[in-house]
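Here is how the chains run, residue by residue.
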Amino acid sequence: MDAMTLEGRLECAARELVDRARGIGLTLATAESCTAGLVAARIADIPGASDVLRGGAVTYCDAVKRRVLGVSEDTLRLQSAVSDPCAREMAVGARVLFEADMAISLTGYAGPGGGTLDDPAGTVYIGLADGRGVTCARCSFEGSRNGVRAHAALFALQMLLKRCDDM
C-alpha cells in the first residue's frame, strides 16, 4: 500500500468518525505514545471535530503516563509501558482526564529499533475505554517508523468507528 492510499484511508476514517460521533452526540479523547498525537491530529483535521474531540495527551515517557493519565507504577515496572495493561490504563486515564464518552490509547515500538523478543518493533497496543468497559488490541505492523505509526493510527480510528456502530 503506498503512502497516498494510506493517507486517504486515514482521512476517510477520521471524517467518518467525526460524522458518526457528532450524529450520536459522542465525545472522544486520545492518549498517545508511539503515535505522538497522530490520531488526535487526524480527527482535528476534519471540520466539526471540535464537536467531538475533547482533547489528547501525548505521553511519551513513563513519568508523564503516571502523572497525567494515572498509569500505575506497578504496571510500568512489572509489565512495561508497551503492554496491554498500560494501554488499558492510558485509555481509562484519558477518558477521565478529558471527561469523554470514549477514549483511545496507543503505546508501542514504532521502530526501527527497540522492542523485545515478545513485542518486537512494529508492536502496538491500542486500548479503548468507554462506559461499557475497556478493551485492548495487540497489533503488529511492518514498514518504516512513519508507516507503523500511520497504520496504528488507522487501526485506532477503525476501532473507534466499530465501537460507534455498537452504540
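In what follows, the structure referred to is the one given above.
Okay, so let's go over this structure. (Residues numbered from 1 in each chain as written. Predicted model: local features only at pLDDT ≥ 70, side-chain atom pairs only at ≥ 80, totals over all residues. Heavy atoms only, no water.)

### Details of the overall build of the protein chain
Under the convention used in this document: Secondary structure counts use DSSP, requiring at least four H or I residues in a row for a helix and at least two E residues in a row for a strand, with both numbered from the N terminus. Note on method: radius of gyration uses C-alpha positions; expected globular size equals 2.2 Å times residues raised to 0.38. Here, two residues are considered to be in contact whenever any of their heavy atoms come within 4.5 Å of each other. Accessible surface area values rest on a Shrake-Rupley calculation with a 1.4 Å probe, where residue burial reflects the displayed protein chains alone. Charged-residue counts in this description rest on Lys and Arg as positive and Asp and Glu as negative, His and the chain ends being excluded. We put the charge of a Lys on NZ, of an Arg on CZ, of an Asp on CG and of a Glu on CD.
Check the secondary structure of the protein chain and you find six helices and five strands. Going from N to C terminus, the protein chain has its helices and strands arranged as α-β-α-β-α-α-α-β-β-β-α. At 15 Å, the protein chain has a C-alpha radius of gyration in line with the 15 Å of a compact globule built from 167 residues. With the principal axes as the frame, the protein chain shows a C-alpha extent of 40 × 35 × 25 Å. Counted over contacts in the protein chain with a minimum sequence separation of 6, partners at least 24 positions apart contribute 64%. Split by element, the accessible area of the protein chain, about 7700 Å² in all, is 51% carbon and sulfur. Within the protein chain, one finds 18 positive and 21 negative side-chain charges whose respective centroids are separated by 2 Å.

### Notes on the pattern of salt bridges
We count it as follows: Should a side-chain nitrogen of Lys or Arg be within 4 Å of a carboxyl oxygen of Asp or Glu, the pair is scored as a salt bridge. Relative accessibility under 20% of the residue-type maximum defines a buried residue, over 50% an exposed one, and the middle range a partly exposed one, all with a 1.4 Å probe and only protein chains included.
Summed over all chains, the structure comprises 13 salt bridges. The salt bridge involving Arg 15 is made with Glu 11; its shortest N-O contact spans 3.0 Å. With a gap of four residues between them, Arg 15 and Glu 11 both fall in helix α1 (residues 3–24), about one helical turn apart. Owing to a relative accessible area of 35%, Arg 15 belongs among the partly exposed residues under this scheme.

### So, the layout of surface pockets
The line we're drawing: With a 1 Å grid spanning the protein atoms alone, the term cavity applies to any set of points in which a 1.4 Å probe fits but cannot get out, the term pocket to an open set with protein on both sides within 12 Å along at least five of seven lines, and the term lining residue to any residue with an atom within 4 Å of a point. Grid points are joined across faces, edges and corners, and a volume is the space filled by probe spheres set on the points. Only Asp, Glu, Lys and Arg are considered charged, only Ala, Val, Leu, Ile, Met, Phe, Trp, Tyr, Cys and Pro nonpolar, and every remaining residue, Gly among them, polar.
Approximately 170 Å³ is the volume attributed to the largest pocket. Taken together, 15 residues form the lining of the largest pocket, with Ser 33, Cys 34, Tyr 60, Gly 108 and Tyr 109 sitting closest to its centre. Secondary structure elements with two or more residues in the lining of the largest pocket: α3 (62–69) and β3 (102–108). Of the residues contributing to the lining of the largest pocket, the split by class is seven nonpolar, five polar and three charged.

### A word on the sheet that holds strand β1 (residues 28–32)
Just so we agree on the cut-off: Note on pairing: two strands pair once DSSP finds at least 2 bridges between them. Whenever a helix is involved, its axis is fitted only over the stretch in contact; in every case the axis is a line through C-alpha atoms, and angles between N-to-C directions fall within 0 to 180 degrees.
One open sheet holds the five strands; their spatial order is β2-β1-β3-β4-β5, and the pairing between them is mixed. At either margin of the open sheet sits one strand with a lone partner, and together these are β2 (53–58) and β5 (133–140). In this sheet, neighbouring strand axes are inclined to one another by 15° on average, regardless of whether the strands run parallel or antiparallel. As defined by bridge partners, β1 adjoins β3 across five bridges and the pair is classed as parallel. The partner of Leu 28 across the bridge, within β3, is Met 102.

### Considering unusual backbone geometry
In the segment running from Gly 111 into Pro 112, the intervening peptide bond is cis, with an omega of 0°. Along the chain, the position of Pro 112 falls in the loop between β3 and β4 (123–130). Even without glycine at this site, Ala 36 takes up a positive phi of about 50°. Summarising the element assignment, Ala 36 is placed in the loop between β1 and α2 (38–44).

### Some words on the pairing of β4
Counting buried positions along β4 gives eight out of eight residues, so the element sits mostly inside the fold. Burial along β4 is two-sided: the face carrying Thr 123, Tyr 125, Gly 127 and Ala 129 and the face carrying Val 124, Ile 126, Leu 128 and Asp 130 are both buried.

### Some details on the packing of aromatic side chains
Put simply, the test is: The criterion for an aromatic pair is that two Phe, Tyr or Trp rings (for Trp, the six-membered ring) have centres within 6.5 Å, with stacked assigned to planes under 30 degrees apart, edge-to-face to planes over 60 apart and tilted to the rest.
Using the criterion set out here, one finds one aromatic pair in the structure. An angle of 65° between the planes, with centres 6.3 Å apart, marks the rings of Phe 141 and Phe 155 as edge-to-face. You can see Phe 141 sitting in the loop between β5 and α6 (145–165) and its partner Phe 155 sitting in helix α6, a full 14 residues away along the chain. Residue Phe 155 is classed as partly exposed on the basis of its relative accessible area, which comes to 29%.

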